[in-house]
Amino acid sequence: MRESLLTIPVNEVFEPKEGCPICRMRDTVEGHICEYIMGAAMMEPDVREETNRLGFCTVHYPMLAKQGNRLSLALMLNSHLATTRKKIFDGAVLTKSAKAKRAETLTNTCFVCTKVDWGINHMLKTVFTLFEKERVFRELFKAQEFFCLPHYHMLATKSEVMPKAQRAEFLKALNTVVSDYAKQLNINVGDFCDSFDYRNAGKLHSPEMEHVRTSPQTAVRFLTGREMTNN
């Protein structure tokens, strides 16, 4: 799994220049991990030990379920539930507050999240190196449609590893892309709201207003890094 994560070409997620490239990077890594964990790896002792201990988050349980292997998911749930019961309710006597604290800890861990974070952190090192050394990649970076707010924060924070001069250029490019996009998105959402005024009746449904019709979903994607769902 390690090699498959590290060999995903960074350029591939930047080349489309549509949406947030770091979201594409994350989605690719998540897909590999969910497929990996629901396959034969589910029965590997070291993997099961980790999934029993960490469990999964509300984002990744549905992704695992979509893999279509209900038995694998049920087996992991069964052993994770047993581990959770043992840590909170069985064995050593704990006070009610200690049980609640331990429950809080266990509900804030996720096997997929830990692997995604590991993979993304290694790939971002490549992003920073490419920006520092490759003019073509710098131009590609500056030509991105946007970076979502969570990944804007991630890039700005983790770019501390870059040399000072190169980081200054990186942050300038990052802020320009995100600021320009946020400004236009704000206008689009405002236009969406205005379209409900009776004086603009029917205007929203014209083909050239597609970007306005979808602006609420786009705003959620920008603010959260995730697509808005109806369920």
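Quick look at the structure, then.

Here we come to the overall build of the protein chain. The helix and strand inventory of the protein chain stands at 13 helices and 0 strands. Scaling as 2.2 N^0.38, a compact globule of 231 residues should have a C-alpha radius of gyration of about 17 Å, whereas the protein chain reaches 22 Å, well beyond that. For the protein chain, the proportion of its 231 residues judged to be buried stands at 36%. A total of about 13,900 Å² of accessible surface is found on the protein chain, and carbon and sulfur atoms cover 55% of it. Averaged over its 31 positive side-chain charges, the protein chain has a centre that lies 7 Å from the centre of its 27 negative ones.

What follows deals with the side chain of S79. One can find S79 in helix α6 (residues 70–88). For S79, a relative accessible area of 17% gives the class buried. There is a polar contact of 3.3 Å between the side chain of S79 and the backbone oxygen of M76. Residue contacts for S79: discarding those within four places in its chain leaves R48 and N52.

What follows is about a nonpolar patch on the surface. Taken together, M43, L71 and L75 make up a surface patch of nonpolar side chains, about 300 Å² in accessible area. By secondary structure assignment, the location of L71 is in helix α6.

Linking two cysteines covalently through their sulfur atoms gives a disulfide. Within this structure, the stated rule accounts for 0 disulfides. C20 forms no disulfide, and the closest cysteine sulfur to it belongs to C23, at a distance of 3.8 Å.

To continue, consider the packing of aromatic side chains. Per the counting criterion, the structure on display carries 13 aromatic pairs. Note on F56 and Y61: the rings are 5.5 Å apart at their centroids and 70 degrees apart in plane angle, and the pair reads as edge-to-face. Relative accessible area serves as the criterion here: at 25%, Y61 is assigned to the partly exposed category. Members of the aromatic cluster, joined through ring pairs, are F14, F128, F131, F137, F141, F147 and F170.

The next point concerns the environment of F14. Assignment of secondary structure puts F14 in helix α2 (residues 10–14). For F14, a relative accessible area of 0% corresponds to the buried category. It is 41 Å that separates the C-alpha atoms of F14 and T83, two residues lying 69 residues apart in sequence. In this structure F14 touches P21, I22, R24, V127, F137, L140, F141, Q144 and F147, once residues within four positions along its chain are discounted.

Phi at K17 takes a positive value of approximately 55 degrees, unusual for a residue other than glycine. Relative to the elements of secondary structure, K17 occurs in the loop between α2 and α3 (21–37).

Take the pattern of salt bridges next. Across all of its chains, the model carries 9 salt bridges by this definition. Here E30 and R226 are joined by a salt bridge, their closest N and O atoms 2.6 Å apart. Here R226 lies in the segment after α13 (215–224) and E30 lies in helix α3, a separation of 196 residues in the sequence. Residue classification places E30 among the buried positions, given a relative accessible area of 3%. The residue R85 makes a salt bridge to D90 at a minimum N-O spacing of 3.5 Å.

When the terminal C-alpha atoms of helix α8 (residues 111–133) are compared, their 34 Å separation across 23 residues agrees well with the 33 Å that a helix rising 1.5 Å per residue should span. If you check which residues of α8 are buried, you get F111, V112, K115, V116, G119, I120, M123, L124, V127, F128, L130 and F131.

So, about the packing of helix α4 (residues 45–54) against α6. Put simply, α4 and α6 touch, their axes get as near as 8 Å, and they point 55 degrees apart. Between α4 and α6, the crossing angle belongs to the class labelled oblique. Read as a crossing pair, α4 and α6 show a hand that is right-handed. From α4, R48, T51, N52, R53 and L54 reach across to α6, where they touch L75, M76, S79, H80, T83 and K87.

Time to look at the nonpolar core. Of all hydrophobic cores here, the largest spans 49 residues; its most connected members are F14, F137, F141 and F147. Broken down by element, this core gets its largest block of residues, 10 residues, from α8.

Along its 31 residues, helix α11 (residues 164–194) runs 44 Å from first to last C-alpha, staying within 8% of the 45 Å computed at 1.5 Å per residue. Turning to α11, its buried residues are F170, A173, L174, V177, V178, Y181, L185, N188 and F192. Elements that come into contact with the buried residues of α11 comprise α8, α9 (135–142), α10 (149–158), α12 (210–213) and α13.

Conventions adopted
- Residues numbered from 1 in each chain as written.
- Predicted model: local features only at pLDDT ≥ 70, side-chain atom pairs only at ≥ 80, totals over all residues.
- Heavy atoms only, no water.
- Helix = DSSP H or I, 4+ residues; strand = E, 2+ residues; numbered from the N terminus.
- Rg over C-alpha atoms; globule rule 2.2 N^0.38 Å.
- Buried < 20%, exposed > 50% of the residue type's maximum accessible area, 1.4 Å probe, protein only.
- Areas by Shrake-Rupley, 256 points an atom, 1.4 Å probe, with all protein chains shown as cover.
- Lys, Arg positive; Asp, Glu negative; His and termini not counted.
- Charge placed at Lys NZ, Arg CZ, Asp CG, Glu CD.
- Polar contact = N/O pair within 3.5 Å; in protein donor to acceptor, adjacent residues only side chain to side chain.
- Contact = heavy atoms within 4.5 Å.
- Patch = residues over 30% accessible without salt bridge, like charges linked within 9 Å, V, L, I, M, F, W, Y side chains within 5 Å.
- Salt bridge = Lys/Arg side-chain N within 4 Å of Asp/Glu carboxyl O.
- Disulfide = S-S within 2.5 Å.
- Phe/Tyr/Trp six-rings, centres within 6.5 Å; stacked < 30°, edge-to-face > 60°.
- Expected span 1.5 Å × (residues − 1).
- Axes fitted to C-alpha atoms, helices over the stretch in contact; angles between N-to-C directions.
- Parallel < 35°, antiparallel > 145°, perpendicular 65-115°, else oblique.
- Left-handed = near helix turned anticlockwise from the far one by under 90°.
- Core = buried A, V, L, I, M, F, W, Y, C linked by side-chain atoms within 4.5 Å.

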